[in-house]
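What follows is the residue order along each chain.
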Amino acid sequence: MTKYLIDSNSLISPYRTFYQFDLVPSFWKWFKETYDESVYLVDKVRDELCHVKGAGDKDDLQVWIEDHCLAKEKVIFPNGDKAALAEYAAVLNYINESPLYKQKSFDEWKKKKKADPWLIAIAKAHGYTIVTMEERNRNLNPSNPTSKEPRIPDVCAALDVACINLYDLMHAQKCLI
């Protein structure tokens, strides 16, 4: 069975746009069932989704995540994982050494709270497939490196890590809304 790591935008985008809780509750029911079966959260993704602490101004998505997705066995904490730490260093090294990216790109990804390099590192170390709504940057060119933030699908392709979008997950897991 394929195991998936979810990027925060794969939940934020549906919540804010096309699969709002009150419009398409069946999507969230399907996601919860799929999550319980084969989807995991990296701690840094959890932190992006659950950024309001205490009883403050949490949005409905944060409340839903806290209620449905924070079981201990479903959140991955990579800090003590030697394989993930080694892959994390490899991901950052790739960005730093790649002729496709400028220093600003690397600086963005080396931030301690940045989830993207951790997603890729854990997926590479343990055979997960990443689910993200990011799209590849078709303009990457070593003769004109970008200073923009690297995109998960581009780095996954370079490092041979499986990466799909939310719709691919929906097809693979037979989501019917």
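Right above here is the structure, for reference.
Residues numbered from 1 in each chain as written. Predicted model: local features only at pLDDT ≥ 70, side-chain atom pairs only at ≥ 80, totals over all residues. Heavy atoms only, no water.

1. Overview of the packing of helix 5 (residues 82-97) against helix 8 (residues 152-159)
And then number 1: At a minimum axis separation of 11 Å, helix 5 and helix 8 run at an interaxial angle of 105°. Between helix 5 and helix 8, the angle falls in the class roughly perpendicular. Within the contact between the two elements, helix 5 uses V91, Y94 and I95 and helix 8 uses V155, A158 and L159.
And then number 2: When the residues that make up the contact of helix 5 with helix 8 are grouped by side-chain class, the tally is 6 nonpolar, no polar and no charged. (Axes fitted to C-alpha atoms, helices over the stretch in contact; angles between N-to-C directions. Helix = DSSP H or I, 4+ residues; strand = E, 2+ residues; numbered from the N terminus. Parallel < 35°, antiparallel > 145°, perpendicular 65-115°, else oblique. Contact = heavy atoms within 4.5 Å. Nonpolar A, V, L, I, M, F, W, Y, C, P; charged D, E, K, R; others polar.)

2. Description of unusual backbone geometry
And then number 1: Although it is not a glycine, D160 sits at a positive phi angle of roughly 60°.
And then number 2: Here D160 shows up in the loop between helix 8 and strand 5 (163-164).
And then number 3: Since its relative accessible area comes to 69%, D160 is described here as exposed.
And then number 4: The phi dihedral of K174 falls on the positive side, at around 55°, and the residue is not glycine.
And then number 5: Tracing the sequence through the fold places K174 in the segment after helix 9 (166-172). (Buried < 20%, exposed > 50% of the residue type's maximum accessible area, 1.4 Å probe, protein only.)

3. Digging into the sheet that holds strand 5
And then number 1: The parallel open sheet is built from 5 strands, whose spatial order is 3-2-1-4-5. Strands with a single pairing partner mark the edges of an open sheet, and in this sheet they are strand 3 (75-76) and strand 5.
And then number 2: Relative to strand 2 (residues 39-42), strand 1 (residues 4-6) runs parallel, the two sharing 2 bridges. By the bridge assignment, Y4 is partnered in strand 2 with V39.
And then number 3: Across the sheet, helix 7 (residues 116-126) touches strand 1, strand 2, strand 3 and strand 4 (129-131), and the angle it forms with strand 1 is around 175°. (Pairing = 2+ DSSP bridges.)

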